[in-house]
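Residue-level structure breakdown
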Amino acid sequence: MLSRSVSGPRSSTEIEESTSRSGVSEFSDLVRLSAALSFSGAASLINQVIWQRALQVFLGGSETTSTMVVVLVFLAGIGVGSIWISKRMSRIRSPLRMLCVVEVGLGVMGMVIRYVLSLDLTDSVYHFQRVAIDLGLSLRAVYALIAVAVLFGPCFLMGTTVPLACEAGQRQFGLRESRRINSLYFFNTVGAVFGCLVGVALLLPTYGQGGALALAASLNVSAALILQMAPRRNRVQDFPANPDCTSFRISGFGLLAFGFGCWALWYEMFLYRAISLAHEPLPLVFSTVLAGYLLFWSLGAYVASLKRSGQNLKVGVLATILSQVAALYFWSNDVRTTQLATITDILMMIAQKGLYFVPCFCFGVLFGFTLKQTVSLWGRDVGWFHAWNTLGCCCGILLATFGGYEVGLLWMMLIQGLGLLSLAGVVEKMSRLRFKHDLSRLSRFGWSFWIRNVATVVFGLSALAAFGAAYRMGPQVDPNGAVTFSGKDGVISIDGARNLIWDGLWHSRLSADGDHVGTYNWALAVDPILAHPTGSIREALIVGLGSGITAGTLAKLESLESLDVYDINQTLKRVLARYPEGTLQVAENPKIRIRWQDGRSGLALSPEHYDLITQQPLYLKQAGSSILLSKEYFQLVSRRMAPNGVFNVYANGTAEQALAVRQTASEVFPHMLVLHGGCQLILSKVPLDFSRDRINLLLERSGELWNEIRLVRERLGPAGWQQYTKVWDLPLAGSCATIRDDFPIVEYPRQLTKILRKCGFMGELPSPRFP
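What counts, and at which threshold
- Residues numbered from 1 in each chain as written.
- Predicted model: local features only at pLDDT ≥ 70, side-chain atom pairs only at ≥ 80, totals over all residues.
- Heavy atoms only, no water.
- Helix = DSSP H or I, 4+ residues; strand = E, 2+ residues; numbered from the N terminus.
- Buried < 20%, exposed > 50% of the residue type's maximum accessible area, 1.4 Å probe, protein only.
- Contact = heavy atoms within 4.5 Å.
- Pairing = 2+ DSSP bridges.
- Axes fitted to C-alpha atoms, helices over the stretch in contact; angles between N-to-C directions.
- Parallel < 35°, antiparallel > 145°, perpendicular 65-115°, else oblique.
- Left-handed = near helix turned anticlockwise from the far one by under 90°.
- Nonpolar A, V, L, I, M, F, W, Y, C, P; charged D, E, K, R; others polar.
- Phe/Tyr/Trp six-rings, centres within 6.5 Å; stacked < 30°, edge-to-face > 60°.
- Lys NZ or Arg CZ within 6 Å of the ring centre and 35° of its normal.
- Right-handed = clockwise from strand over helix to strand, strands pointing away.
- Arc of directions from axis to C-beta.
- Polar contact = N/O pair within 3.5 Å; in protein donor to acceptor, adjacent residues only side chain to side chain.

With that settled, consider the environment of L175. Here L175 is to be found in the loop between α5 (139–171) and α6 (179–228). We classify L175 as buried; its relative accessible area is 1%. Between the C-alpha atom of L175 and that of W378, which follows or precedes it by 203 residues, the distance is 10.0 Å.

Our focus in this paragraph is the environment of M412. Tracing the sequence through the fold places M412 in helix α13 (residues 409–432). In this structure, the C-alpha to C-alpha distance between M412 and Y267, residues 145 residues apart in sequence, is 9.0 Å. Beyond its immediate chain neighbours, meaning those up to four positions away, M412 contacts W266, M269, F270, A400, G404, Y405 and V407.

Positive phi values are uncommon outside glycine, yet R498 reaches one of about 70°. Look at R498 and you get partly exposed, because its relative accessible area is 27%. Although it is not a glycine, D513 adopts a positive phi angle of roughly 60°. Within the element layout of this structure, D513 appears in the loop between β5 (505–509) and α15 (520–531). Residue D513 is classed as exposed on the basis of its relative accessible area, which comes to 86%.

Strand order across the open sheet formed by five strands is β1-β2-β3-β4-β5, with antiparallel pairing between neighbours. Every interior strand has two partners, whereas the edge strands, β1 (476–477) and β5, have only one. As paired strands, β1 and strand β2 (residues 483–487) are joined by two bridges and run antiparallel to one another. Within β2, the position partnered with V477 by the bridge is V483.

Right, let's talk about the packing of helix α8 (residues 285–306) against helix α10 (residues 343–352) for a bit. Direction vectors running N to C along α8 and α10 enclose 50°, while the axes themselves pass 10 Å from each other. Relative to α10, the element α8 lies oblique. As α8 packs across α10, the resulting crossing turns out to be right-handed. Seen from α8, the contacting residues are S287, T288, A291, G292 and F296; seen from α10, they are I346, M349 and I350. In the contact of α8 with α10, the residues fall into five nonpolar, three polar and no charged.

Once that is clear, we can look at the packing of aromatic side chains. Under the counting rule described, the total for this entry stands at 22 aromatic pairs. Seen in terms of ring centroids, W297 and F367 are 4.9 Å apart; in terms of plane orientation they differ by 55°. Their pairing is tilted. Taken together, the positions of W297 in helix α8 and F367 in helix α11 (residues 358–372) put the pair 70 residues apart, joining distant regions of the chain. As far as the burial class goes, W297 and F367 line up, both buried. Centroid distance Y520 to F770: 6.5 Å. Interplanar angle 70°. Geometry classified as edge-to-face. Taken together, the residues Y520 in helix α15 and F770 in the segment after α23 (749–758) connect sequence positions 250 residues apart. Here Y520 falls in the buried class, since its relative accessible area comes to 15%. Ring pairing ties together the aromatic residues W506, Y520, Y650, W721, Y724 and F770, which thus form one cluster. Positioned above the aromatic ring of Y405, the side-chain terminus of R273 is 3.8 Å from the ring centre. Taking NZ or CZ as reference, K726 lies 3.9 Å from the ring centre of W728, over its face.

Here we take up the pairing of strand β7 (residues 562–566). Looking down a regular strand, the side chains alternate between one sheet face and the other. Of all five residues making up β7, five are buried, and the element is well covered by its neighbours. Of the two faces of β7, the one holding S562, D564 and Y566 and the one holding L563 and V565 are both buried throughout. When strand β6 (residues 539–543) meets β7, the two strands line up parallel, connected through five bridges. Across the sheet, the residue bridging to V543 is Y566, located in β7. Here four bridges tie β7 to strand β8 (residues 592–595), and the two strands are oriented parallel to one another. When the bridges of β8 are listed, D564 appears paired with R593. In this region the chain leaves β7, passes through helix α17 (residues 572–578) and returns to the parallel neighbour β8; the handedness of that crossover is right-handed.

Right, let's talk about the sheet that holds β6 for a bit. One open sheet accounts for seven strands, arranged β8-β7-β6-β9-β10-β12-β11; its pairing is mixed. Pairing within the sheet leaves two strands with one partner each, and these edge strands are β8 and β11 (671–675). Within this sheet the neighbouring strands show an average axis-to-axis angle of 15°, counted without direction. Packed on one face of the sheet, helix α19 (residues 631–639) meets β6, β9 (610–615) and β10 (641–650) and runs near 145° to β10.

Along α10, the residues that are buried comprise D345, I346, M349 and I350. Projection of α10 onto a plane perpendicular to its axis shows the buried side chains occupying an angular sector of 135°, all on one side.

Take the side chain of R640 next. Mapping R640 onto the fold places it in the loop between α19 and β10. A residue is classified by how much of its surface remains accessible, and R640, at 13% relative accessible area, is buried. A polar contact of 2.7 Å, which involves the side chain of R640, links it to the backbone oxygen of L603.

This part is about the side chain of H676. Secondary-structure assignment places H676 in the loop between β11 and β12 (680–684). Judged by its relative accessible area of 3%, H676 falls in the buried class. Engagement of the side chain of H676 in a polar contact is seen with the side chain of D527, the distance being 3.2 Å.

Both strand β4 (residues 499–502) and β5 contribute to a ladder of four bridges, which runs antiparallel. Bridged to W502 within β5 is L505. Between β4 and β5, which pair antiparallel one after the other, the connecting turn spans two residues, and D503 there sits at a positive phi close to 50°.

In structure tokens:
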């Protein structure tokens, strides 16, 4: 390395003036780098949350699957980018100029992805999925390949930004203290928090995914402009040599970075499910978890930068475990107080339920303390540390999704505690050796160290396998009699009153002695039969199995030959096995074929056509509900309907949400019957007759299902039956209320109301309600 030349001795006044100028210059350079990284972080997280929502259409419609796949690809791309740039850092003449190029490249790639997502790629994507299935690949593998193809490039570039910024700070701006790296991480993460908050909560429902991605691209370009205004210099080249850090790539620092990343993302996945169950699986839950996690993590990293000396990381690990125990206890006694509908709700949630996020603060402190002591050459070492950390993050996501979710949240946190205790032993030994020993010298740790810690790891993994096996043998039963089934696709509980609670939301009630007759699940099968032009259904499809009442009721129709049912949540298999009577024996019915995949993908991949298609009720405010209510989905359903087919949609939400569903349906189907105040729609490409005379004629038929319909008519009486069969004539609102894949406005009732007012809609709407 080159050293700065010294022309001669300087006076004390010259030294003081130079030091003062250097301090001011260092501060301005740090501010410039921090501002650029904040813009870059905001753009990255806006992209991530929009990608998660956009790709959910092609990732099986599962919120859990899309979240796991997008975050996994996001982190993997960042990790690979960090490794790649760290290996080439010494050959980069100007890291600052390179960082400008990367930010501009991210902006360009963001606009390319925006253009790709704006295209109608449905047929191409599903053709690729059909070919993959024919080759024997699983759909989850296909989803991962799609995500990698679309997202890996920009994520790779994102991984180069922080190492380049650190290298520029050390080499070109003259930053000396390694704690400044934590400050850069802090501002980068604060920008990411901003991106989380505005991405889904404000930009998506207001401007759609295209507008949000355009803003993210502009933020990347703004970061490049900020860096472009920095003065051109290579001020410092005499970096302090630290021979003990030269083998960082295979050092114990990498092991710690991997461990902290693994358990931090394990905990984030726990938070995602815990907050979904405690506060409903709404569109802003993903943003809330990300924003709270990143905010507290960044605060921890910043606190670590305030101390010049190293700290006892073992104490930090134990503090992390204790904070997680407190968070778990808090979750088990949580009372829902926030609906998570706006940015203000997210901030209030994070403030009121801050105990959820205290472990994230601890992880940030551990990360910061370790990072400070690892670096000698900032760009190279930060790149490798970041790569090890993101690799651990990827492992944490996979372990939590395919292991932790299966055993339930309580065991999930207990297993993580075992892992952290094992990590504490490594931290203790590494602390004693002052973090200066790479793997070639780990033999100095001693046999007792390895036996103790390897045994702990083996015990933790064995406990995970044992708990998973024990759990699959039977569900969890609490003292109140509620039975809970946990799985990677969701959590389903059956309480003492036979209510089926799906991911914290009431769904339906299991049948007992025929008390399901007359309920809305029963009506989802009966009403489209009554509206069908012939009343004779041979092939039918149900999107969403639920409690099985709709499928079991429709299967009673004598003319029905086969009934396909799509559901993505395989946790229902255990419910069907435990409650065969309550689910009307749908798992054993020879007419019914249950296909465990997303209904939208199933419709696209299968060439079959149906006389009747109906789907289970959706909470319209629930994350992902618009995937089964968008204009593109209705067009897909229309292509899968037989010539005289009917399609039944249950749209029970606010009056404005029901209006949006009606408006969207009217743009695809020329004929629509509106029942029950607007909460149920029967759609077709041919005219429909729902007159009482025709219904009475149909009710003269014999059979078990027709007997049930006559029983309901008698139970309601003439006035009640007239109200039940009433066809409502309700106004529409025009294209401003149309639900699209890139504009899921139905999931945001407050914003939808504002849009309708802005469009001048003044029609009076009844509250949709099933009698």
